[in-house]
Amino acid sequence: MFGTLLQRLGVPARGALLLLCYFVMLVTGALGWVGAFAVAGVAAVAGEFILNRWSNPSRVLLDKVGLSRVYRQLARDLSVVLLAVATVSPGIGETIVLLLLPAVVWTVGVFAGAFSRMINRRNPVSALVRNIDLGPIREAPRPPVWTTGLMGSGMAQVNILLLPAVVIAALIGDLVPVFIAGTLTIGAAALVGGFVALTWLRGRGQGTGKSAVLAAVQTWLDAYQPQVALYFAGPAKDVYQANMWLAPTEALDQRGVVLMRSKEAFLEMADTRLPVICVPTSVDFMNLELGSIRASLYAANVGANIHMLREPGMKHVFVGHGDSDKQASVNPYSKVYDEVWVAGLAGRERYARAGVGVLDADIVEIGRPQLAGVHTFGAPATDRPFTVLYAPTWEGWLDDDPYHTSLTAMGERIVKGLLKAQPGVRLIYKPHPLTGARSKETKAVHDRVVARIAAAGGDVAATSLDGPGHRVVTGRVPALFDCFNQTDLLISDVSSVVSDFVQSQRPYVVANPSGLPEDDFRVKFPTARAAYLLSQDCGELEKILSLTRAGDDPLTEARRDLKTYLLGPDDPNAMERFREEITRLCH
């Protein structure tokens, strides 16, 4: 419920509301307004929990502007002192004790954090693994897990006990409740600090400062001898790019491994049976012995790819994360790879037109093995209405690229038209994972679209496509291809979503926000050859819905031809071609 409510507020507004609570605490504390202080204190504590639980971007924004949790906790503790002084009027001695109570907790936290860092240096964690049994690993002692969140500034969380205590003290005119609560907080801090200090003492002389985990990973690699690596060095927000290659890599005859460089991306990666190794530090990664690997697959062009590309004993292959007519699909960076694998002839010709230095001899057409689960010519389900999937791409890096996303210029009109269509249609709205990451305007339009769908009774946090209602899908589940299988008509942009949807051979619409003449648009963007085009005013939408709903679709044959051009022939299928090419590289 809170997640849905927070979606209606912008990221800055959520952070501003939390800061307002602390400001009110300081003012009401100084003025001795007990009731208002109590309300603001409860709101501040609840706000911290809500932001950590449902609005991490707001928390990150506060950190960026210099108003991190450390300063907010200091403001909270200062407000406690201010209220106590304003309402009880303590003497000098009591005031000194009052100041020392939170200060002691902060001091213990600082020293506990320092000891924790020294303990971590004895056992540096240089690698994370999944689906790998590394066996017993001998390490120097570590403090209990429950102390982790109370190191350093985290220790000041226990000072929350001072809030109800000072309210009671203000009401009765006596500081005894504050002193009792302060004693409890100091006791709790001493307990945590004692555990950490004792752990540090127990571990003196143990630990080498080198990662025992990294050594165990190397031992596992030497024994397992992987032949194929799926390498991903991108951030967590881009992990979908690697996720799409997990199933095809699992289906190979050769032993495979996933190599990652970001801890956050590692934690966000989809479930897989493949062994996964994450080594964030470049020096640690480059010291791994990867001599058994014969083929390394790259899902994205990022700078840290160089740490794998330096390996001379393997073939480096760019597989990308979807073929499209975007400029990103012909990145000159692709020249660094031994081979570039594309879906079909369209990908090969795209590189030839771009002239970015990728040799035709280095391009291999393998199809899209991920599309095996996309249903072709599926009949509409009888338990749901005609379903339209609106899946716009993100805004891209350039402000002057009108073809990147339709969402900013015409998304609201598209959604309004679909929600008002007669007879009614079911709308699934699945934006690109990076939507709004760069453009505040696009993020604002996205929020308004979600609000409009919510007002129409849609599920704006859908985790399932079951049922006839509208859906907003922004999480990893349901996946894009699951949405395809529920779709009778796609509306999208110039993106790989269109290329992949052609596998289904169902009708699709490509947005033309700049109003380029249709013939010119289809020449510039070959993926639109069998598409209905939608101009910025969306005047064609009603006619397109009528044609495709009735089954009187004049572009059916064109989609069949385009499917072969974009994705390659059906025989042999894409997975067989993928296996054949991997086998070629591994021998």
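Preceding this paragraph is the structure being described.
Novice: Please give an account of the overall build of the protein chain that cites residues and values.
Specialist: Along the protein chain, the regular secondary structure elements total 23 helices and 14 strands. When the backbone C-alpha atoms are referred to their principal axes, the protein chain occupies close to 90 × 60 × 40 Å. Considering the protein chain as a whole, with its 587 residues, one finds that 50% of them fall into the buried category. Summarising the internal contacts of the protein chain: among those between residues at least 6 apart in sequence, 70% fall at separations of at least 24. Total accessible area computed for the protein chain in this model is approximately 26700 Å², and 59% of it derives from carbon and sulfur atoms. With 56 positive and 54 negative side-chain charges, the protein chain shows a separation of 7 Å between the mean positions of the two kinds.

Novice: Explain the environment of Gly-355 to me, and be specific about the residues and the numbers.
Specialist: Here Gly-355 lies in the loop between helix H15 (345–354) and strand E8 (363–365). Gly-355 sits in the exposed class, given a relative accessible area of 60%. Along the backbone, Gly-355 and Met-260 are 95 residues apart, and their C-alpha atoms lie at a distance of 31 Å.

Novice: Describe helix H16 (residues 407–419), with residues and values.
Specialist: Counted at 1.5 Å a residue, the expected span for H16 with its 13 residues is 18 Å, but the 16 Å between its end C-alpha atoms falls short. Turning to H16, its buried residues are Leu-407, Met-410, Gly-411, Ile-414, Val-415 and Leu-418. Projection of H16 onto a plane perpendicular to its axis shows the buried side chains occupying an angular sector of 150°, all on one side.

Novice: Break down empty space enclosed by the protein for me, with residues and values.
Specialist: Empty space among the atoms can be located by rolling a probe the size of a water molecule over them. The final tally for this structure, using the stated rule, is two cavities of 30 Å³ or more. Space inside the largest cavity adds up to approximately 40 Å³. Trp-245, Val-319, Gly-322, Asp-323, Trp-341, Val-342, Ala-343, Ile-366, Gly-367 and Arg-368 together form the lining of the largest cavity. Each residue belonging to the lining of the largest cavity can be placed in one class, and the counts come to six nonpolar, two polar and two charged. In this structure, the second largest cavity spans a volume of roughly 30 Å³. Taken together, Asp-323, Ala-346, Gly-347, Arg-350, Ser-499, Leu-566 and Leu-567 make up the full set of residues lining the second largest cavity. Contributions of two or more residues to the lining of the second largest cavity are made by H15 and helix H22 (556–567). If one sorts the elements of the lining of the second largest cavity by residue count, H15 sits on top with three residues.

Novice: Tell me about a nonpolar patch on the surface, and please be specific about residues and values.
Specialist: On the surface, Leu-17, Leu-20, Phe-23, Val-27, Leu-31 and Trp-33 cluster together to form a nonpolar patch covering roughly 610 Å² of accessible area. Relative to the elements of secondary structure, Trp-33 occurs in the loop between helix H2 (11–31) and helix H3 (34–54).

Novice: Requested: an account of H3, with residues and values cited.
Specialist: Under the 1.5 Å per step criterion, the end-to-end length of H3 is 30 Å for 21 residues, consistent within 8% with the ideal 30 Å. Residues of H3 that are buried include every one of Val-34, Phe-37, Ala-40, Gly-41, Ala-44, Gly-47, Glu-48, Ile-50 and Leu-51, and no others.

Novice: Just give me the short version of the packing of H2 against helix H5 (residues 69–88), but keep the residues and values in it.
Specialist: Two elements in contact, H2 and H5, have axes whose closest approach is 7 Å; the angle formed by their N-to-C orientations is 20°. The orientation of H2 relative to H5 falls into the category roughly parallel. The crossing of H2 and H5 is left-handed. For the pair formed by H2 and H5, the contact residues are Leu-18, Leu-19, Tyr-22, Met-25, Leu-26, Thr-28, Gly-29, Ala-30 and Leu-31 on the first element and Arg-72, Ala-75, Arg-76, Leu-78, Ser-79, Leu-82, Leu-83 and Ala-86 on the second. Counted by class, the contact of H2 with H5 contains twelve nonpolar, three polar and two charged residues.

Novice: Can you tell me about the packing of aromatic side chains, naming the residues and giving the values?
Specialist: Tallying each qualifying case throughout the model produces 15 aromatic pairs. With a centroid separation of 5.3 Å and 85° between ring planes, the pair formed by Trp-146 and Phe-195 is classed as edge-to-face. Pair noted here: Trp-146 is in the loop between strand E1 (128–130) and helix H7 (162–172) and Phe-195 is in helix H8 (residues 176–202), with a separation of 49 residues, a long-range link. Consider the rings of Phe-484 and Phe-501, whose centres lie 5.1 Å apart with planes at 75°: the pair is edge-to-face. In this pair, Phe-484 sits in helix H18 (residues 480–484) while Phe-501 sits in helix H19 (residues 496–501), placing the two residues 17 residues apart along the sequence. Given the relative accessible area of 0%, Phe-484 is considered buried. With relative accessibility at 0%, the residue Phe-501 sits in the buried group. Members of the aromatic cluster, connected to one another through ring pairs, are Tyr-231, Phe-285, Tyr-298, Phe-318, Tyr-333 and Tyr-337. The ring of Phe-266 has Arg-130 sitting right over it, with the charged end atom 5.5 Å from the ring centre. Above the ring of Tyr-565, the side-chain terminus of Arg-529 is found at 4.5 Å from the ring centroid.

Novice: Outline the nonpolar core, supporting the account with residue identities and numerical values.
Specialist: By size, the foremost hydrophobic cluster in this structure holds 33 residues, and its most contacted members are Leu-259, Ile-277, Leu-290, Met-308 and Tyr-351. Those elements that place two or more of their residues in this core are helix H9 (212–224), strand E2 (228–232), strand E3 (256–260), helix H14 (306–309) and strand E7 (339–342). The leading source of residues in this core is H9, at six residues. The contacts of Met-308, once residues within four sequence positions are left out, are Ala-229, Tyr-231, Leu-259, Phe-285, Leu-290, Ile-293, Ser-296, Tyr-298, Met-314 and His-316. Formed by 32 residues, the second largest nonpolar core is a distinct cluster that contains Trp-245, Val-258, Phe-266 and Cys-586.

Novice: Break down the side chain of Arg-426 for me, citing the residues and quoting the values.
Specialist: In this structure, Arg-426 sits in strand E10 (residues 426–429). It turns out Arg-426 is buried and unbridged, and the closest side chain with the opposite charge, Asp-466, is 6.9 Å from it. A polar atom in the side chain of Arg-426 sits 2.4 Å from the backbone oxygen of Leu-465. Of note is the side chain of Arg-426, whose polar atom sits 3.0 Å from the side chain of Gln-486.

Novice: Describe the pattern of salt bridges, naming the residues involved and giving the relevant values.
Specialist: By the definition in use, this model includes 17 salt bridges. A salt bridge links Arg-273 to Glu-250; the nearest nitrogen and oxygen atoms lie 3.4 Å apart. Here the residue Arg-273 occupies a position in the loop between helix H12 (263–268) and strand E4 (276–278), and Glu-250 occupies one in helix H11 (residues 246–250), the gap between them amounting to 23 residues. By relative accessible area, which is 66% here, Arg-273 ends up exposed. Linking Asp-570 and Lys-563 is a salt bridge whose minimum nitrogen-to-oxygen distance equals 2.4 Å. In the salt-bridge network here, residues are joined through shared partners; they are Glu-339, Glu-581 and Arg-584.

Reading the values: rules and limits
Residues numbered from 1 in each chain as written. Predicted model: local features only at pLDDT ≥ 70, side-chain atom pairs only at ≥ 80, totals over all residues. Heavy atoms only, no water. Helix = DSSP H or I, 4+ residues; strand = E, 2+ residues; numbered from the N terminus. Buried < 20%, exposed > 50% of the residue type's maximum accessible area, 1.4 Å probe, protein only. Contact = heavy atoms within 4.5 Å. Areas by Shrake-Rupley, 256 points an atom, 1.4 Å probe, with all protein chains shown as cover. Lys, Arg positive; Asp, Glu negative; His and termini not counted. Charge placed at Lys NZ, Arg CZ, Asp CG, Glu CD. Expected span 1.5 Å × (residues − 1). Arc of directions from axis to C-beta. 1 Å grid on protein atoms, 1.4 Å probe; cavity = no way out; pocket = protein on both sides within 12 Å on 5 of 7 lines; lining within 4 Å. Points joined across faces, edges and corners; volume = space filled by probe spheres on them. Nonpolar A, V, L, I, M, F, W, Y, C, P; charged D, E, K, R; others polar. Patch = residues over 30% accessible without salt bridge, like charges linked within 9 Å, V, L, I, M, F, W, Y side chains within 5 Å. Salt bridge = Lys/Arg side-chain N within 4 Å of Asp/Glu carboxyl O. Axes fitted to C-alpha atoms, helices over the stretch in contact; angles between N-to-C directions. Parallel < 35°, antiparallel > 145°, perpendicular 65-115°, else oblique. Left-handed = near helix turned anticlockwise from the far one by under 90°. Phe/Tyr/Trp six-rings, centres within 6.5 Å; stacked < 30°, edge-to-face > 60°. Lys NZ or Arg CZ within 6 Å of the ring centre and 35° of its normal. Core = buried A, V, L, I, M, F, W, Y, C linked by side-chain atoms within 4.5 Å. Polar contact = N/O pair within 3.5 Å; in protein donor to acceptor, adjacent residues only side chain to side chain.

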